[in-house]
Amino acid sequence: MQFFDQMIFATAAADAAGLTNAADHLEHYLANTGTDWKLDPDRIMNDEPALKVHFDNLITVEVSNIAKRIGSITTDQSISASFQAAWKEYIFADRDWYLAIGAVETTACGAVKIEKLTGAGVQYRIELDYQCHLYDRYNWDGDKQTEIGGVTWTDRELGALHTAGLAKEFDMIGSSTIKHYAGDLPSVGDLGLPAPSGTGTPR
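Definitions and cut-offs
- Along every chain, residues carry numbers that run from 1 in the direction the sequence is written.
- A pLDDT threshold of at least 70 governs which residues receive local features in this predicted model, and a stricter bar of 80 or more applies before side-chain atom pairs are shown or counted, although totals over entire chains, interfaces and linings include all residues.
- Side-chain descriptors were evaluated using all non-hydrogen atoms of the structure, hydrogens and water having been removed beforehand.
- Each reported salt bridge corresponds to a side-chain nitrogen of Lys or Arg within 4 Å of a carboxyl oxygen of Asp or Glu.
- Secondary structure elements follow DSSP: runs of H or I no shorter than four residues count as helices, runs of E no shorter than two count as strands, and numbering proceeds from the N terminus.
- The buried label applies to any residue whose accessible area, calculated with a 1.4 Å probe on protein chains only, is under 20% of its type's maximum; exposed applies above 50%, and partly exposed to all values in between.
- A pair of Phe, Tyr and Trp rings is counted when the ring centres sit within 6.5 Å of each other, with Trp represented by its six-membered ring. The angle between the planes then sorts it: under 30 degrees is stacked, over 60 is edge-to-face, the rest tilted.
- What qualifies as a polar contact is a pair of N or O atoms within 3.5 Å, subject to a donor-acceptor requirement within protein and to the restriction that residues adjacent in sequence count only when both atoms come from side chains.
- It only takes one pair of heavy atoms within 4.5 Å for two residues to be counted as in contact.

**Student:** So what's going on with the pattern of salt bridges? Which residues, and what values?
**Tutor:** For the structure shown, the criterion picks out five salt bridges. A salt bridge links Lys 52 to Asp 56; the shortest N-O distance between them is 2.8 Å. Of this pair, Lys 52 and Asp 56 both sit in helix H4 (residues 49-67), four residues apart, which is roughly one turn of that helix. On the basis of relative accessibility, which here comes to 8%, the residue Asp 56 falls in the buried class. The salt bridge involving Arg 137 is made with Glu 169; its shortest N-O contact spans 3.9 Å.

Right, here's the structure in full:
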């Protein structure tokens, strides 16, 4: 029980150090319920803008691939289609979110209407509605170690709490608000999609 008590102390130390998300996730693990934990991608993108850049890239690739189909499967100069990107891992740089999640699986889905514009070069105008999704399993199965508040513990020690029935792993899942974009599809670089919502409340 001594190590378990240290984890309770580490949770409070993480919270006091401003690592509030790491503290919340560890506390939920130690609560031993195993219930799902809801992630808010909008809030997380506000904390770590690189995650929004990551989603912009996922969505740009999908929309660009759809645009390339204009002219090959239809004689019309426009196309409407839905998409879902393949799941792709993202590793957090922000220390709080790295301790809370580490690496997360990401995907995005949506519906887009693309119009091929006439004139010099190949240009497209798009109308896009999309949503971003996150998934990860909160578990301890590696050889890493972490120090917070003067206490160092290993993944193996934390995982042993689950094995002993003193803590329980859980799924972390979440979807962003549905967002809308209208504009040109850039020939180079990613779409500059709307900023994440501050609250994560659906519009």
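**Student:** A description of the packing of aromatic side chains should follow, citing residues and the corresponding values.
**Tutor:** This model, assessed by the stated rule, comprises five aromatic pairs. Measuring from ring centre to ring centre gives 5.5 Å for Tyr 29 and Tyr 138, while their planes differ by 50 degrees; the resulting arrangement is tilted. Residue Tyr 29 is located in helix H2 (residues 20-30), and its partner Tyr 138 is located in strand S5 (residues 123-138); the two are separated by 109 residues in the primary sequence. Residue Tyr 29 shares its accessibility class with Tyr 138, and that shared class is buried. Plain terms: the ring middles of Tyr 90 and Phe 92 are 5.3 Å apart, the flat faces sit at 85 degrees to each other, and that makes the pair edge-to-face. The exposure classification of Tyr 90 matches that of Phe 92, with both residues buried. Taken together through their ring pairs, the aromatic side chains of Tyr 29, Trp 37, Tyr 138 and Phe 170 make up a single cluster.

**Student:** Lay out the side chain of Lys 179 with the relevant residues and their values.
**Tutor:** Mapped onto the elements of the fold, Lys 179 is located in strand S9 (residues 179-185). Classification of Lys 179 by relative accessible area gives buried; the value is 8%. Only 2.5 Å separates the side chain of Lys 179 from the side chain of Asp 42, close enough to count as a polar contact.

**Student:** Before we move on, could you go through H2 and cite the residues and values that matter?
**Tutor:** Among the 11 residues in H2, eight count as buried, and that is most of the element. Buried residues of H2: Asn 21, Ala 22, Ala 23, His 25, Leu 26, His 28, Tyr 29 and Leu 30, and no others. Phi turns positive one or two residues past the end of H2, at Asn 32, with a value near 70 degrees.

**Student:** Any details on the environment of Arg 125? Residues and values, ideally.
**Tutor:** Note that Arg 125 resides in strand S5. On the accessibility criterion, Arg 125 (40% relative accessible area) is partly exposed. Considered as a pair, Arg 125 and Ile 114 are 11 residues apart in the sequence and their alpha carbons are 5.8 Å apart. With near-sequence residues (within four places) excluded, Arg 125 lies in contact with Lys 113, Ile 114, Glu 115, Leu 117, Gly 183 and Asp 184. Within the structure, the side chain of Arg 125 is placed 2.5 Å from the side chain of Asp 184, a separation counted as a polar contact.

**Student:** I'd like a rundown of unusual backbone geometry, residues and numbers included.
**Tutor:** Not every positive phi belongs to a glycine, and Asn 32 is a case in point at roughly 70 degrees. Tracing the backbone through its elements, the reader meets Asn 32 in the loop between H2 and strand S1 (37-38). On the basis of relative accessible area, Asn 32 is assigned to the partly exposed category, the value being 28%.

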